[in-house]
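Letter by letter, the chains look like this.
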Amino acid sequence: MRLSQALFVTLREDPAEAVVTSHKLLLRAGYIRQIGSGIYAYLPLMWRVLQKVSQIVREEMDATGAQECLLPQLQPAELWQESGRWDVYKAEGIAFTLSDRHDRELMLGPTHEEVITTVAKELIRSYRQLPVNLYQIQTKFRDEIRPRFGLLRGREFIMKDAYSFHTSPESLKATYDAMDQAYRNMLRRCGLKFRPVQADSGAIGGSASQEFMILADTGEDEILFTEDEQYAANVEKAVSQPVDAVPSSFTSFETLETPDTTTIARLCEVLKCDPTQVVKNVLYEAVLDNGKRVLVLVSIRGDRDVNEVKLFNAITQRAPNYGGTKVLALKVPDAEAQAAWTAKPLPLGYIAPDLSDDHIAAAKDTAPQFLRLVDPNASQLQNFVTGANQPGYHVVGANWGTQYQLPEVVELDLARPGDRALHDPSQILQSARGIEAGHIFQLGLKYSQAMGAAFTTESGESQPFWMGCYGVGVSRIAQAAVEQSHDKNGVIWPVAIAPYQAIVTVPNIADENQMAIAQQLYSDLNAAGIETILDDREERAGVKFKDADLIGIPFRVVTGRAIAQGKVELVTRAAGTAEEVAIAELVSTLQTKITEALQA
């Protein structure tokens, strides 16, 4: 490609709408163009990157025996209603829904579990047809509340999603493990630093899942890991062993006046105690898919925080007790929310584990009793400090089973850096930031049972499919690569997914010798299989050099003064090094460098 004939426009200043570096650089370098909120055009250079990522993904999927297909982007509402996810996605406000001319509701697919399960239900009859793994690479849609960070959090995005069907959990596990290895291969071949981590399954569901995080200092997700590489998890999923609680100095139960102590720090200052001696009680309001409001009281150690993802899952598991199946919303209720269900004022900041249920006003849509849960770290405390259910007062020397009935014990702690690892307490959890690039799930029977998708076993019985699903964000990988690898001058693409491997820059196109050598090298390099562009624009040399750095092509060949000695300058973008190479040896030199980069 000759830049003089290409759609190639770069910007000198950062666009005002961009926040993270990768978003700024992709806009400035002419890779993408914003069309609307969270909606982007992939320009020619970006499309080449996306094609390369897609091809690596495709090759690794094909190597596992998975079969590529293409599923419809428009999905009938009935399928989502059948699985039970229609109301959940609509309540969260993240689904693009519409009605056709016959008033039939449709959804623009954010994911395709319902569609693929329908296909399997209609086409797979016998155990002899299993296992099977189907995948596609296509555009998905998600109505993000706040689209941001460019392609990392857009309203449409390119994704590879795969779905597998099995006769048994053992067969599912085998494919899950194969996908784990395939994903590692994909990211390694893309030239990225990454870390697989245990993860929460979220709205997709299932019994187990793992995320693949591309490491980046500005990543949205926090990862907790150990140095021995035996443990890594998204903070939403992570478990740990906090520091040991300091033994309580209180030996008898009594109520003390503690004015203006609505925070743990202030309370500990007044009582001269350690936060690990305190049981704090946090009030949550959950709304289920049947409209039922459930008030939840979580007791947790004073120095710890509630992991709201774990709490969401715990309430979901108990939703059938209230006639529901899913949690649609979970929050700490503000004053306005409290007014909708309180029968009398709450002792906020001074709540005890036995807060009376008569604080809840009688209402058809509200559970009449608090759902009380306690984290294990709080359940083990003795002679602890907690609220007295009276503003300005706390109790000390309290114990479970004596002053307070022990609530249901559920692990709800938010793990943090510095905690001890469960597998080896000598290993201390460390923190890193990452960008989720892939997620694999063992779905189990969730969708097959809900949608009546079954096969006939060898013994002639009908049995629901065991299912797995496996997603990789193709467009996320592309931008995450920039977030991981850039400098003050621009993008630094890994060789494997760079739009081109080399750029031949002509400092002065009016110099016939420079142009002749540049055009010959451009032809020779492309003929040798080295993807090369030629910068033959009528621009100053400095502008061309800055643009080459900005767009991040791995190798730059400059036909400058060195051609008088039969040489050209070869600049390696990642290392920032320059060397002179004989013109006759340039092709072989670049072939060696590219091969080494791809094998690194």
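Every value quoted in this text rests on a predicted model; they were computed, and no experiment measured them.

## Structural notes on the overall build of the chain
And step 1. On a plain count of helices and strands, the chain comes out with 15 helices and 31 strands.
And step 2. If you line up the chain on its principal axes, its C-alpha atoms span 95 × 65 × 50 Å.
And step 3. Across the 600 residues of the chain, 52% fall into the buried class.
And step 4. When contacts within the chain are restricted to residue pairs at least 6 apart in sequence, those whose partners lie at least 24 apart make up 69%.
And step 5. A total accessible area of about 26,400 Å² is found for the chain, and carbon and sulfur atoms account for 48% of it.
And step 6. Distance from the positive charge centre (58 side chains) to the negative charge centre (77 side chains) of the chain: 3 Å.

## Focus on the pattern of salt bridges
And step 1. Using the criterion set out here, one finds 40 salt bridges in the structure.
And step 2. We note a salt bridge from Lys121 to Glu82, for which the minimum N-O separation is 3.3 Å. Here Glu82 lies in helix α3 (residues 77-83) and Lys121 lies in helix α5 (residues 113-123), a separation of 39 residues in the sequence.
And step 3. By sharing partners, the salt bridges in this structure join Arg142, Glu144, Arg148, Arg153 and Glu220 into a single network.

## Observations regarding the sheet that holds strand β4 (residues 74-76)
And step 1. Pairing within the open sheet is antiparallel, and its three strands lie in the order β4-β6-β5. Strand pairing shows two members of the sheet lacking a second neighbour, β4 and β5 (96-99), which therefore form its edges. When the angles between neighbouring strand axes are averaged without regard to direction, this sheet yields 35°.
And step 2. By the bridge criterion, four bridges tie β5 to strand β6 (residues 105-108) in an arrangement that is antiparallel. Counterpart to Leu98 in the pairing with β6 is Leu106.

## Thoughts on the layout of surface pockets
To find the voids left in a structure, one rolls a probe of water-molecule size over its atoms.
And step 1. There is about 460 Å³ of room inside the second largest pocket.
And step 2. Listing elements by their share of the lining of the second largest pocket, those giving two or more residues are α6 (169-189), α12 (474-484) and α15 (586-599).
And step 3. Split by residue class, the lining of the second largest pocket holds 13 nonpolar, five polar and four charged.

## Some points on helix α7 (residues 264-271)
And step 1. Every buried residue of α7 is listed here: Leu267, Cys268 and Leu271. All buried residues of α7 fall inside an arc of 95° around its axis, so they share one side. Away from the buried face of α7 by more than 90 degrees, exposed residues Ala265 and Glu269 are located.
And step 2. Those residues of α7 that are buried lie in contact with β13 (254-257), β18 (384-387) and β19 (393-398).
And step 3. After α7 finishes, the residue Lys272 shows a positive phi value of roughly 50°.

## Concerning the environment of Pro464
And step 1. As for its position among the elements, Pro464 is in strand β23 (residues 462-464).
And step 2. Put simply, Pro464 and Leu172 are 292 residues apart on the chain and 13 Å apart in space, counted from C-alpha to C-alpha.
And step 3. Discounting chain neighbours no more than four positions away, the residues touching Pro464 are Leu445, Ser448, Gln449, Ala453, Ala454 and Phe455.

## Topic: the packing of aromatic side chains
And step 1. Counted by the stated rule, this structure contains nine aromatic pairs.
And step 2. A ring pair is formed by Phe384 and Trp400, whose centres lie 5.1 Å apart and whose planes are at 40°; its orientation type is tilted. You can see Phe384 sitting in strand β18 and its partner Trp400 sitting in the loop between β19 and β20 (408-409), a full 16 residues away along the chain.
And step 3. Residue Trp400 is classed as buried on the basis of its relative accessible area, which comes to 13%.

## Looking at the packing of helix α2 (residues 44-63) against α6
Working note: a packed helix pair is described by the angle between its axes plus the distance between those axes.
And step 1. Interhelical geometry of α2 versus α6 gives an angle of 150° and a closest axis separation of 9 Å. Classified by the angle between their axes, α2 and α6 sit roughly antiparallel to one another. For the pair α2 and α6, the crossing hand works out as right-handed. Here α2 contributes Ile56, Val57, Glu59, Glu60 and Met61 to the contact with α6, which in turn contributes Met179, Ala182, Asn185, Met186 and Arg189.
And step 2. Of the residues contributing to the contact of α2 with α6, the split by class is six nonpolar, one polar and three charged.

## Remarks on helix α1 (residues 21-28)
And step 1. With six of eight residues buried, α1 lies mostly within the body of the structure.
And step 2. Of the residues one or two after α1, Gly30 is the one with positive phi, at around 75°.

## A word on the sheet that holds strand β31 (residues 577-582)
And step 1. Ordered by their spatial adjacency, five strands build an open sheet running β28-β27-β29-β30-β31, and the pairing between neighbours is mixed. In the strand order of this sheet, the two ends are held by β28 (532-535) and β31, each with one partner. Taken over all neighbouring pairs, the strand axes of this sheet differ in orientation by 25° on average, direction set aside.
And step 2. As judged from the six bridges shared by strand β30 (residues 567-572) and β31, these two strands associate in the antiparallel manner. Looking across to β31, one finds that Val568 is bridged to Val581.
And step 3. Packing against the sheet, helix α13 (residues 512-527) makes contact with β27 (502-505), β28, β29 (555-558) and β30, and its axis sits at approximately 165° to β28.
And step 4. Together, β27, β28 and β29 form the strand contacts of helix α14 (residues 541-551), whose direction differs from that of β29 by roughly 165°.

## Description of the pairing of β19
And step 1. Counting buried positions along β19 gives five out of six residues, so the element sits mostly inside the fold.
And step 2. Bridging between β13 and β19 involves four bridges; their strand directions are antiparallel. For Glu257, the partnering residue across the bridge sits in β19 and is Tyr393.
And step 3. Here β18 runs beside β19; their pairing, made up of three bridges, is antiparallel. Bridging from a neighbouring strand, Phe384 pairs with Ala398 of β19.
And step 4. Between β18 and the antiparallel strand that follows it, β19, lie five residues; Asn389 among them carries a positive phi value of about 60°.

## Describing the nonpolar core
The nonpolar side chains of a soluble globular protein tend to be buried, and buried together.
And step 1. The biggest cluster of nonpolar side chains holds 63 residues, and the ones touching the most others in it are Tyr31, Met46, Ile477 and Trp493.
And step 2. For this core, the element with the most residues is α2, which contributes eight residues.
And step 3. Listed in part, the 27 residues of the second largest apolar core include Ala77, Val132, Leu134 and Cys469.

## A few points about the pairing of strand β14 (residues 279-288)
And step 1. Within β14, eight of the ten residues are buried, which leaves it mostly tucked inside the rest of the structure.
And step 2. Pairing of β14 with strand β15 (residues 293-301) involves nine bridges; the strand directions are antiparallel. Counterpart to Val287 in the pairing with β15 is Arg293.
And step 3. Examined bridge by bridge, β14 and strand β16 (residues 327-331) share four bridges and lie antiparallel to one another. Residue pairing for β16: Leu288 is matched across the bridge by Val327.

Rules of the game
- Residues numbered from 1 in each chain as written.
- Predicted model: local features only at pLDDT ≥ 70, side-chain atom pairs only at ≥ 80, totals over all residues.
- Heavy atoms only, no water.
- Helix = DSSP H or I, 4+ residues; strand = E, 2+ residues; numbered from the N terminus.
- Buried < 20%, exposed > 50% of the residue type's maximum accessible area, 1.4 Å probe, protein only.
- Contact = heavy atoms within 4.5 Å.
- Areas by Shrake-Rupley, 256 points an atom, 1.4 Å probe, with all protein chains shown as cover.
- Lys, Arg positive; Asp, Glu negative; His and termini not counted.
- Charge placed at Lys NZ, Arg CZ, Asp CG, Glu CD.
- Salt bridge = Lys/Arg side-chain N within 4 Å of Asp/Glu carboxyl O.
- Pairing = 2+ DSSP bridges.
- Axes fitted to C-alpha atoms, helices over the stretch in contact; angles between N-to-C directions.
- 1 Å grid on protein atoms, 1.4 Å probe; cavity = no way out; pocket = protein on both sides within 12 Å on 5 of 7 lines; lining within 4 Å.
- Points joined across faces, edges and corners; volume = space filled by probe spheres on them.
- Nonpolar A, V, L, I, M, F, W, Y, C, P; charged D, E, K, R; others polar.
- Arc of directions from axis to C-beta.
- Phe/Tyr/Trp six-rings, centres within 6.5 Å; stacked < 30°, edge-to-face > 60°.
- Parallel < 35°, antiparallel > 145°, perpendicular 65-115°, else oblique.
- Left-handed = near helix turned anticlockwise from the far one by under 90°.
- Core = buried A, V, L, I, M, F, W, Y, C linked by side-chain atoms within 4.5 Å.

Scope: geometric values only; no functional claims are made or implied.
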